[in-house]
Amino acid sequence: MSRHADIVVVQLPRGAMALMWVDLATGTVATSHAGLQVTVRRGIKDWAGHLVFPQDGSIFLSAVYDHFFLSGYSVQWLGFSDLKMVQRTYRV
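First things first, this report covers the structure right here in the doc.

Reading guide: rules and limits
- Residues numbered from 1 in each chain as written.
- Predicted model: local features only at pLDDT ≥ 70, side-chain atom pairs only at ≥ 80, totals over all residues.
- Heavy atoms only, no water.
- Helix = DSSP H or I, 4+ residues; strand = E, 2+ residues; numbered from the N terminus.
- Buried < 20%, exposed > 50% of the residue type's maximum accessible area, 1.4 Å probe, protein only.
- Contact = heavy atoms within 4.5 Å.
- Areas by Shrake-Rupley, 256 points an atom, 1.4 Å probe, with all protein chains shown as cover.
- Expected span 1.5 Å × (residues − 1).
- Core = buried A, V, L, I, M, F, W, Y, C linked by side-chain atoms within 4.5 Å.

**Structural notes on the overall build of the protein chain**
In terms of regular secondary structure, the protein chain is built from two helices and seven strands. Reading the protein chain from its N terminus to its C terminus gives the helix and strand order β-β-β-α-β-β-α-β-β. Split into buried and exposed, the 92 residues of the protein chain put 36% on the buried side. Relative to all contacts within the protein chain whose residues are 6 or more apart in sequence, the contacts with residues 24 or more apart total 48%. For the protein chain, the exposed surface amounts to about 5700 Å²; the carbon and sulfur share of it is 54%.

Quick look at the structure:
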């Protein structure tokens, strides 16, 4: 994990919270929630309706934000340094 990441925080049903971020040093997308990993790996439609994939980096992260926001989830976009407290991460 790099020293800085842009993070999308999604409040899931039943109190669960999922983090998804792009490691700015490597450009890879990761998440703290295994179920979310499976869901987004297939691609997410962006605001314009185009399918984007994890390898699209920050464009993909923006699409994740839009997707969950438009689906009625509470979503936040954060810039964070020294993200070390995530116990498990799943590469998307």
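**A short note on helix α2 (residues 58–70)**
With 13 residues, α2 ought to run about 18 Å at 1.5 Å a step, and its terminal C-alpha atoms sit 18 Å apart, in line with that. All of the buried residues in α2 are Phe60, Leu61, Ala63, Val64, Asp66 and Phe68. Immediately downstream of α2, the backbone of glycine 72 shows phi near 95°, a positive value.

**Some remarks on the nonpolar core**
Met20, Val40, Phe60 and Val64 are the most contacted members of the largest nonpolar core, which totals 17 residues. Of all the secondary structure elements, the ones that give two or more residues to this core are β1 (4–11), β2 (17–23), α1 (34–41) and α2. At five residues, α2 tops the list of elements feeding residues into this core. By size, the runner-up hydrophobic cluster in this structure holds six residues, among which are Ala5, Leu19, Trp21 and Ala30.

The analysis is restricted to geometry; functional conclusions fall outside its scope.
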